There are 4 protein chains.
Amino acid sequence: MDTSQAMKASALDLSVSQWFNAKNAITLEQLRGRIIVIGAFQMLCPTCVSQSIPQLIKLHQAFPEDRLIVIGLHTVFEHHQAMQSHALEAFIHEYRIRFPVGVDTHERDDPVPRTMRSLQLRGTPSTIVLDAAGDIRLHRFGHVDDFSLGFAIGQLLQTVPTSERDASEGVGRTMQSECDVNACSITNS
Amino acid sequence: MDTSQAMKASALDLSVSQWFNAKNAITLEQLRGRIIVIGAFQMLCPTCVSQSIPQLIKLHQAFPEDRLIVIGLHTVFEHHQAMQSHALEAFIHEYRIRFPVGVDTHERDDPVPRTMRSLQLRGTPSTIVLDAAGDIRLHRFGHVDDFSLGFAIGQLLQTVPTSERDASEGVGRTMQSECDVNACSITNS
Amino acid sequence: MDTSQAMKASALDLSVSQWFNAKNAITLEQLRGRIIVIGAFQMLCPTCVSQSIPQLIKLHQAFPEDRLIVIGLHTVFEHHQAMQSHALEAFIHEYRIRFPVGVDTHERDDPVPRTMRSLQLRGTPSTIVLDAAGDIRLHRFGHVDDFSLGFAIGQLLQTVPTSERDASEGVGRTMQSECDVNACSITNS
Amino acid sequence: MDTSQAMKASALDLSVSQWFNAKNAITLEQLRGRIIVIGAFQMLCPTCVSQSIPQLIKLHQAFPEDRLIVIGLHTVFEHHQAMQSHALEAFIHEYRIRFPVGVDTHERDDPVPRTMRSLQLRGTPSTIVLDAAGDIRLHRFGHVDDFSLGFAIGQLLQTVPTSERDASEGVGRTMQSECDVNACSITNS
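Residues numbered from 1 in each chain as written. Chains lettered and ligands numbered in written order. Predicted model: local features only at pLDDT ≥ 70, side-chain atom pairs only at ≥ 80, totals over all residues. Heavy atoms only, no water.

Draft legend 1. Structural view of the state of the cysteines. Taken as a whole and assessed by the stated rule, the structure comprises eight disulfides over all chains. Between the sulfur atoms of Cys45(A) and its disulfide partner Cys48(A) the distance amounts to 2.4 Å. Negative torsions about the S-S bond denote left-handed disulfides, and the value of about 80° found for Cys45(A) with Cys48(A) makes this one right-handed. You'll find Cys45(A) and Cys48(A) in the same group, each marked buried. A sulfur-sulfur separation of 2.0 Å characterises the disulfide bridge that pairs Cys179(B) with Cys184(B). Judged by the torsion about the S-S bond (95°), the Cys179(B)/Cys184(B) disulfide is right-handed. With a relative accessible area of 1%, Cys184(B) lands in the buried category. By sequence order of its bonded cysteines, chain A has the disulfide arrangement 1-2, 3-4. (Disulfide = S-S within 2.5 Å. Buried < 20%, exposed > 50% of the residue type's maximum accessible area, 1.4 Å probe, protein only.)

Spelled out as structure tokens, the structure:
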């Protein structure tokens, strides 16, 4: 991405009226140095529920929080009555969401909440990835497939986890083979 | 990945007795400068057929060949009679595989083919990713999920495709909203 | 099923405080002569949302309503505040549910609603299938897989739709063959 | 299905040159009294491998053999060289197929095998269901979804397995609730 096109960190405004799964209010500034993945969703948005929330949960489990942090942002722009805080709290409980989730702040008369406007989101689900400097590196409306999200994060996190590489033992001459649901393997004897 | 641990390019030996979808024999050396993804498979390995081959096909379609090249390697170590060249040719046709596929060379009396030994593969499917310098950066036995493969390739291909970033139009005040199978969107009026 | 074990129609008590997608209140008695499939769900129950609701939608589309009728029953026994009528209405809209959905009646102080008790449901999702006489023929807690549900309904609806049988043209001598994503077919020439 | 349209048992000709997973040759006549599901496939037909074979395996496990029997029929009409008996044997081993599989007989010069012609199959996968009298009740080209197959078999097997009906214990007054990956349940205390 051309750096000149990147939305600057200073332009970002995370305006949250209530946090879940967080002891204190979270600001993007205090997270500088880490990759931040913001998942904007609505609890009654079908694609958010079936695809994006499960993806964010996996992402949250895959990386240490001091390297990459996942933040859910509840950006309600429709059915406001049905998606209030007590409903979101039940949703977070039922879907076993453990990462921080912030409720995007509403200003009176505006159906679109404040952070959703400042981040220029077109709807839900939306995924925003910020690099360690706080610049936006991915800004996508609609579900991002796993490969594309992995690719985007791979570009920002440069050290390969050592677990990524299998120890490759030598393969002996006498062997048997067997397939199971994961693979067909050579068994040395 | 610690560079000192990386398997060196010079150690790599791609020994192929027959190529499909390739005009000439392919050597890894001639591909220096590109990312190379080698998918080792057997046409009768269930996980290869259901998961790895479809993933390699998507990968082949997603990147220009001068940046990243996908190579299939048919590493038969069992049921040799059932997976000969004419059977592989039918398999490639039926599964609509368009990337180059090489048949790993067998030496007499050794059920494990030559490249499979030199790459120290433990079975199928296996995925090997080489960087532009020809060093191995991912070496995995069993199906690699889309996120992990995207992550590994993202670390090696540093330029974000411009298509990755949506043009983010401003969001007006008066709006309607609608959900479809992909997302819930704001419609400006 | 042993008829003596079947729960009798007279024992059934569909107690609904509000209907959606229905002009008038629905009683099981008025539906005698048709197969009735009751899907008990909660809008914040993950398995209901990901599996049962889509299955009920497909079922609703597959059969004419004078043969088989699908009824959703919102049996809230937890998070009552989060799953009130206005929230359910938004849920029905977002998930494009077109079949009738009734809200199971709550009595003061009892977290479990009335029909859920009278039908002896253990939780959500639950699926109840009644035959044309109004007797319960399937009474299952947890998602029912498509095959089992099809099997249960097949036992109650005895006429095979004519569309089920392909016109089987003769297969000529000269032919070509081609596979696509659905099948490999013989093409007569 | 109009009985007059049903293909009569006497017209059926199961011509098999070799059986796998069967001690003796199988004739349809000796199976009268049971439901017979014939799955016609080719080992290099992608939809057969990804959808029909797994469905036949589940079907084989779901019913006792004296009620319903699953028979695989290898109806090769293309790539004959690649799908010979030794290849099929390896395929049956790798995909863990335990039901009987017959190789449809080829006559010289005819690419379409004999049973495929007599059953008037249009390609693979094809599913044929015969009732206890040996009459064809389902004759379908292309993958049959689980619901439709369950429905067809449900119409032919009239006794509901007792396991289909849950024992429905009464639901007490004091309770807790919990959701897991399968369902949300009421826990009596």
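Draft legend 2. Layout of the sheet that holds strand E3 (residues 68–74) of chain B. Residue and element names in this part refer to chain B. With mixed pairing, the six strands of this open sheet are ordered in space as E1-E4-E3-E2-E6-E7. The strands lining the two open edges of the sheet, one partner per strand, are strand E1 (16–20) and strand E7 (136–141). Adjacent strand axes in the sheet meet at a mean angle of 20°, parallel and antiparallel pairs treated alike. Pairing of strand E2 (residues 35–41) with E3 involves seven bridges; the strand directions are parallel. Note on E3: the bridge partner recorded for Ala40 is Leu73. Across the face of the sheet, helix H2 (residues 85–94) comes into contact with E1, E2, E3 and strand E4 (101–104) while running at roughly 30° to E1. (Pairing = 2+ DSSP bridges. Helix = DSSP H or I, 4+ residues; strand = E, 2+ residues; numbered from the N terminus. Axes fitted to C-alpha atoms, helices over the stretch in contact; angles between N-to-C directions. Contact = heavy atoms within 4.5 Å.)

Draft legend 3. Main features of the packing of helix H4 (residues 146–156) of chain C against helix H4 (residues 146–156) of chain D. At their nearest, the axes of H4(C) and H4(D) sit 6 Å apart, and the two run at 35° to each other. When you trace H4(C) past H4(D), the crossing you get is right-handed. In this structure, H4(C) uses Asp146(C), Phe147(C), Leu149(C), Gly150(C), Phe151(C), Ile153(C), Gly154(C) and Gln155(C) to contact H4(D), whose residues at the interface are Asp146(D), Phe147(D), Leu149(D), Gly150(D), Phe151(D), Ile153(D), Gly154(D) and Gln155(D). Residue classes in the contact of H4(C) with H4(D) are distributed as eight nonpolar, six polar and two charged. (Left-handed = near helix turned anticlockwise from the far one by under 90°. Nonpolar A, V, L, I, M, F, W, Y, C, P; charged D, E, K, R; others polar.)

Draft legend 4. Quick peek at the environment of Gln158(A). Take Gln158(A): it is sitting in the loop between helix H4 (146–156) and strand E8 (175–179). Spatially, the C-alpha atoms of Gln158(A) and Trp19(A) are 31 Å apart, while their sequence positions differ by 139 residues. Gln158(A) has contacts with Gln155(B) and Gln158(B), leaving out every residue within four places of it along the chain.

Draft legend 5. Here's a closer look at the sheet that holds strand E1 (residues 16–20) of chain C. Residues and elements named next belong to chain C. The strand order across the open sheet formed by six strands is E1-E4-E3-E2-E6-E7, and the pairing between neighbours is mixed. Of all the strands in the sheet, the pair left with one neighbour each is E1 and strand E7 (136–141). Within the sheet, the average angular offset between the axes of one strand and its neighbour, ignoring direction, is 20°. For E1 and strand E4 (residues 101–104), the ladder comprises four bridges, and the chain directions are antiparallel.

Draft legend 6. Fine view of helix H2 (residues 85–94) of chain C. Every buried residue of H2(C) is listed here: Ala87(C), Leu88(C), Ala90(C), Phe91(C), Ile92(C) and Glu94(C). Two residues or fewer after H2(C) comes Arg96(C), characterised by a positive phi angle close to 55°.

Draft legend 7. Structural detail: the side chain of Asp104(D). Residues and elements named next belong to chain D. With respect to the element layout, Asp104 can be found in strand E4 (residues 101–104). The buried charged residue Asp104 lacks any salt bridge, with Arg114 as its nearest oppositely charged partner at 6.9 Å. Only 2.6 Å separates the side chain of Asp104 from the side chain of Thr115, close enough to count as a polar contact. In this structure, Asp104 is in contact with Ser15, Ser17, Leu73, His74, Thr75, Pro113, Arg114, Thr115 and Met116, ignoring residues within four places of it in sequence. (Lys, Arg positive; Asp, Glu negative; His and termini not counted. Salt bridge = Lys/Arg side-chain N within 4 Å of Asp/Glu carboxyl O. Polar contact = N/O pair within 3.5 Å; in protein donor to acceptor, adjacent residues only side chain to side chain.)

Draft legend 8. A look at the environment of Ile97(C). Residues and elements named next belong to chain C. Within the fold, Ile97 resides in the loop between H2 and E4. Classification of Ile97 by relative accessible area gives buried; the value is 2%. Beyond its immediate stretch of four places on either side in the chain, Ile97 contacts Asn21, Ile53, Ile57, Phe91 and Ile92.

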